[in-house]
Amino acid sequence: INTSQIENLGGQFFNYLKDFKQKEFLINSDVVPTKIKNSVGYFLHGLKLKSYVFDKYKTKKIKKNILINVIGKNIPSAKDQINFKAIEEGTFYARDLVSEPGNVLHPDEYAKRLGLLKKDGLKINIYDEKKLKKLGMNALLGVGQGSIRGSYLVTMEWNGAKNNSKPLAFVGKGVTFDT
């Protein structure tokens, strides 16, 4: 069994719990196998990720608060809890962006929201139409001419590794559609 499988078990457990009337549960971490470090943390992480709901525009929001109390010696360290929480918040932020309708999350708003990530320590560069033209990104600008909104390219950088390890880069895209 690996960490992904443990996370999946946490997600399956959430599906099982959400239909219960009882909303408070206790996990004894001392009876959890310790072959995989932090298995309780991965289980709770999977449970938390599965709990995501995008209900921003619903007038009647259904709150399903589930309280999980963990006792015992095999609980995640404070540092691990912070790491799991950061991943969960980042995942939920990305899911929120994906779930927003095109009339709300248009290119101008998308660039604005990503610019707000500076407060979290990311280096954000927003290339507007003037900068894109200077860089010769005419194909991108050509596509953007069909919209009343601006065209943007946003780069995000985070130099989190303090050691001399090899850099890790992710390249992806966030595209908005605003017709």
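Provided above is the structure to which this section pertains.
Residues numbered from 1 in each chain as written. Predicted model: local features only at pLDDT ≥ 70, side-chain atom pairs only at ≥ 80, totals over all residues. Heavy atoms only, no water.

Draft legend 1. How the structure looks around helix H2 (residues 39-50). Between its first and last C-alpha, H2 extends 17 Å over twelve residues, near the 16 Å set by a 1.5 Å rise per residue. Listed as buried for H2 are Ser39, Val40, Gly41, Phe43, His45, Gly46, Leu47 and Leu49. If you follow the buried residues of H2, they end up packed against helix H1 (3-17), strand S1 (24-28), strand S2 (67-71) and helix H3 (78-99). (Helix = DSSP H or I, 4+ residues; strand = E, 2+ residues; numbered from the N terminus. Expected span 1.5 Å × (residues − 1). Buried < 20%, exposed > 50% of the residue type's maximum accessible area, 1.4 Å probe, protein only. Contact = heavy atoms within 4.5 Å.)

Draft legend 2. Here's a closer look at unusual backbone geometry. Even without glycine at this site, Asn38 takes up a positive phi of about 70 degrees. Mapped onto the secondary structure, Asn38 falls in the loop between S1 and H2. Relative accessible area serves as the criterion here: at 13%, Asn38 is assigned to the buried category.

Draft legend 3. Quick peek at the packing of aromatic side chains. Across all of its chains, the model carries six aromatic pairs by this definition. Put simply, the rings of Tyr16, Phe20 and Phe25 touch in pairs and so form one group of aromatic residues. (Phe/Tyr/Trp six-rings, centres within 6.5 Å; stacked < 30°, edge-to-face > 60°.)

Draft legend 4. Local environment of H3. Spanning 22 residues, H3 covers 31 Å between terminal C-alpha atoms, matching the ideal 32 Å at 1.5 Å per step. Of the surrounding elements, those touching the buried residues of H3 are H2 and helix H4 (107-115).

Draft legend 5. Broad picture of the packing of H2 against H3. Direction vectors running N to C along H2 and H3 enclose 20 degrees, while the axes themselves pass 10 Å from each other. Put simply, H2 runs roughly parallel to H3. Seen along the crossing, H2 lies across H3 with a hand that is right-handed. Contact with H2, carried on its side by Gly41, Tyr42, His45, Lys48 and Leu49, involves Phe84, Ile87, Glu88, Thr91, Phe92 and Arg95 of H3 and no other residues of that element. Each residue belonging to the contact of H2 with H3 can be placed in one class, and the counts come to five nonpolar, three polar and three charged. (Axes fitted to C-alpha atoms, helices over the stretch in contact; angles between N-to-C directions. Parallel < 35°, antiparallel > 145°, perpendicular 65-115°, else oblique. Left-handed = near helix turned anticlockwise from the far one by under 90°. Nonpolar A, V, L, I, M, F, W, Y, C, P; charged D, E, K, R; others polar.)

Draft legend 6. Fine view of the nonpolar core. Judged by nonpolar contacts, Ile6, Phe14, Leu17, Phe25, Ile27, Ile36, Phe43, Leu47 and Ile68 together constitute the single largest core of nine residues. The set of elements that each furnish at least two residues to this core consists of H1, S1 and H2. Broken down by element, the residue count for this core peaks at three residues, all from H1. Sequence-distant contacts of Ile68, that is, excluding residues within four places in its chain, are made with Leu17, Phe25, Ile27, Leu44 and Leu47. One finds Leu97, Leu105, Tyr110 and Leu114 within the second-largest nonpolar core, a separate group that totals six residues. (Core = buried A, V, L, I, M, F, W, Y, C linked by side-chain atoms within 4.5 Å.)

Draft legend 7. Structural view of the layout of surface pockets. When its volume is computed, the second largest pocket comes out at roughly 1000 Å³. Surrounding the second largest pocket, 31 residues form its lining, Phe14, Leu47, Lys48, Ser51 and Phe92 being those nearest its centre. At the level of elements, H1, H2, S2 and H3 are the ones that each hand at least two residues to the lining of the second largest pocket. Its residues assigned to classes, the lining of the second largest pocket comprises 13 nonpolar, six polar and twelve charged. (1 Å grid on protein atoms, 1.4 Å probe; cavity = no way out; pocket = protein on both sides within 12 Å on 5 of 7 lines; lining within 4 Å. Points joined across faces, edges and corners; volume = space filled by probe spheres on them.)

Draft legend 8. Geometry of the pattern of salt bridges. For the structure shown, the criterion picks out six salt bridges. The salt bridge partner of Lys37 is Asp80, with a shortest N-O separation of 3.5 Å. Separated by 43 residues along the polypeptide, Lys37 in the loop between S1 and H2 and Asp80 in helix H3 bring together distant segments of the chain. Looking at Lys37, the relative accessible area reads 64%, which means it is exposed. Residue Asp80 is classed as buried on the basis of its relative accessible area of 17%. One salt bridge in this structure joins Arg113 and Glu100, with 3.3 Å as the shortest N-O distance. Of this pair, Arg113 sits in helix H4 while Glu100 sits in the loop between H3 and H4, placing them 13 residues apart in sequence. According to the relative accessible area criterion, Arg113 is buried, its value standing at 14%. (Salt bridge = Lys/Arg side-chain N within 4 Å of Asp/Glu carboxyl O.)

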